[in-house]
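Structural features, examined
Here is what each chain is made of, one letter per residue.
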Amino acid sequence: MMRRSVLFSPLLLLSGCATEQSIWNAQGPAASRIATLMWAIIIMFLIVTLIMWALLIIPTFRRGSLEEHAPVDIGGGQGWVALGGLLIPLTVLTGFFVAGLTLMERFPIHDPSNTAVLRPDILVIGHQWWWEVHYLDGQPDQRFATANEIHIPAGRPVTLEVESQDVNHAFWVPNLHGKIDMIPGHPNFMRIEANHPGKYVGQCAEYCGEQHAHMRLLVVAQSAGAYRAWTQQMLEPGHASTTPEAIAGEQVFLSGACSICHMVRGTVAGGTVAPDLTHIGSRMYIGTDSFPNNKAYLEAWVTHAQSLEPGVLMPDLTDFNGVQLRDLVAYLQQLK
Ligand code: CUA
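What counts as what
Residues numbered from 1 in each chain as written. Predicted model: local features only at pLDDT ≥ 70, side-chain atom pairs only at ≥ 80, totals over all residues. Heavy atoms only, no water. pLDDT = per-residue confidence, 0-100. Helix = DSSP H or I, 4+ residues; strand = E, 2+ residues; numbered from the N terminus. Contact = heavy atoms within 4.5 Å. Buried < 20%, exposed > 50% of the residue type's maximum accessible area, 1.4 Å probe, protein only. Polar contact = N/O pair within 3.5 Å; in protein donor to acceptor, adjacent residues only side chain to side chain. Salt bridge = Lys/Arg side-chain N within 4 Å of Asp/Glu carboxyl O. Axes fitted to C-alpha atoms, helices over the stretch in contact; angles between N-to-C directions. Left-handed = near helix turned anticlockwise from the far one by under 90°. Pairing = 2+ DSSP bridges. Parallel < 35°, antiparallel > 145°, perpendicular 65-115°, else oblique. Nonpolar A, V, L, I, M, F, W, Y, C, P; charged D, E, K, R; others polar.

**Let's talk about the confidence of the model for the chain**
- For the chain, per-residue confidence averages 86 on the pLDDT scale, and residues scoring 70 or more make up 90% of the total.
- At the level of individual helices and strands, the chain shows its lowest average pLDDT in helix 1 (residues 2–6), which scores 42, and its highest in strand 6 (residues 169–172), which scores 96.
- This model gives residues 1–9 a pLDDT under 50, and the stretch forms six contacts once residues within four places in sequence are excluded.

Laid out in structure tokens, this is it:
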């Protein structure tokens, strides 16, 4: 599996310690139900295919003249046509159609009469090209927003509300659940649950423009204690700069173009059109979870975002000198 992933480097780095992104490896109840239906369809497909090939191959071994194998009567074989061409496909397809509808019925849908289902724990808003994530669970002072990395407690269901700010996107974490559309002005709901703590890679599953393929996503399922610690960390404002580099970098960030679009809570940077950077230093990836969060990629992202992800709203910021760039990245890295 690793060898195949090498082809997709640097996405390899993304899958490094995460569970392989796959519908075959269900890690939650919803994904398990979908996988069960999928296996049933595959097994039925194999059975039908085997019978079909047997019926095609067996006659080729028949010996004798055409007269010997002529239909016994003029209507001969019509029963087979009705059975194989009509009755079996109708039964199989109807069966799977009903099974599919029954499965979908078990997932939460937009139903105004059912407020218990409708109250989301997390609101995910799709953007070209990043994920805005609001934690709505708990009292107003326990709510916060972050981006691109969704943390959930393992072993319990989490209700997501998904929508979009611009074009249609789709939320898809194959190990946990099926796809759901993110449509501007039309919230959809989904309940995900991870059986165990782990990292699950997802991605946008609806073509949404030039960087659709880079619109990746990371779901981090944590034990109850670790999740609580993480939410407390996220509720904190941006980490105060202590080193000389970070202090200088904070000035670069606040006086430059960064703060127009990005937010760092606790500072004057209040931009909301780009990902919240209050705790960027604690995230594993940058560039919509497409590149590792390290010094080299942070510097590359600041100065050459248009090379890493052509068309992204982040401009190439080439006005910084070397020292300013180093300080700025030092500031970002200590925002944990
Ligand atoms: Cu967002 Cu494709």
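**Concerning the side chain of N148**
- Within the secondary structure, N148 sits in the loop between strand 3 (144–147) and strand 4 (149–153).
- Taking the relative accessible area as the measure of exposure, N148 reaches 7% and is therefore buried.
- Within the local environment of N148, its side chain forms a polar contact with the backbone nitrogen of W131, the two atoms lying 2.8 Å apart.
- Setting aside anything within four residues of it in sequence, one finds N148 in contact with W130, W131, V133, L217, L218, P275, T288 and D289.

**Concerning the environment of E206**
- You can see E206 is positioned in the loop between strand 9 (198–204) and strand 10 (216–222).
- Note on E206: relative accessible area 30%, which makes it partly exposed.
- Leaving out residues up to four positions away in the same chain, E206 has contacts with N168, H169, A170, D181 and H212.

**Remarks on the environment of E193**
- Following the sequence through the fold, E193 ends up in the loop between strand 8 (188–192) and strand 9.
- Residues E193 and V158, spaced 35 residues apart in sequence, show a C-alpha to C-alpha distance of 6.1 Å.
- When sequence neighbours within four positions are dropped, the list of residues in contact with E193 reads Q27, G28, P29, G155, R156, P157 and L176.

**A few points about the pattern of salt bridges**
- Enumeration over the complete set of coordinates arrives at three salt bridges.
- Across the pair K295 and E299 runs a salt bridge, and its minimum N-O distance is 3.4 Å. Pair noted here: K295 and E299 are both in helix 9 (residues 295–308), with a separation of four residues, about one helical turn.
- Judged by relative accessible area, K295 falls into the partly exposed class, the value being 43%.

**Examining the packing of helix 9 against helix 10 (residues 322–333)**
- At their nearest, the axes of helix 9 and helix 10 sit 10 Å apart, and the two run at 115° to each other. The chirality of how helix 9 crosses helix 10 is right-handed. Of the residues in helix 10, those touching helix 9 at K295, L298, E299, V302 and T303 are L325, R326, L328, V329, L332 and Q333.

**Topic: the pairing of strand 1 (residues 122–127)**
- Of all six residues in strand 1, six are buried, a share of seventy percent or more.
- Across six bridges, the pairing between strand 1 and strand 2 (residues 130–135) is antiparallel. Within strand 2, the residue paired with G126 across the bridge is W131.
- If you look at the hairpin formed by strand 1 and strand 2, you'll find two residues sitting between the two strands.
- In terms of strand pairing, strand 1 meets strand 5 (residues 158–164) through five bridges, oriented parallel. Residue V124 lies in a different strand from strand 5, and its bridge partner there is V162.

**Brief notes about the packing of helix 3 (residues 29–57) against helix 4 (residues 78–105)**
- Taken N-terminus to C-terminus, the directions of helix 3 and helix 4 make an angle of 175°; their axes are 11 Å apart at the nearest point. Here helix 3 lies roughly antiparallel to helix 4, going by the angle between them. Residues R33, I34, L37, A40, I41 and M44 of helix 3 lie in contact with helix 4, whose contacting residues are V92, F96, A99, G100 and L103.
- For the contact of helix 3 with helix 4, the class distribution of residues is nine nonpolar, one polar and one charged.

**A closer look at the environment of M182**
- Mapped onto the elements of the fold, M182 is located in strand 7 (residues 180–182).
- Residue M182 is classed as buried on the basis of its relative accessible area of 0%.
- Residues M182 and I125 lie 57 residues apart in sequence; the distance between their C-alpha atoms is 7.6 Å.
- Look past the residues within four positions of M182 in its chain and what remains in contact with it is V124, I125, G126, W131, V162, E163, S164, V167, N168, H169, A170 and F171.

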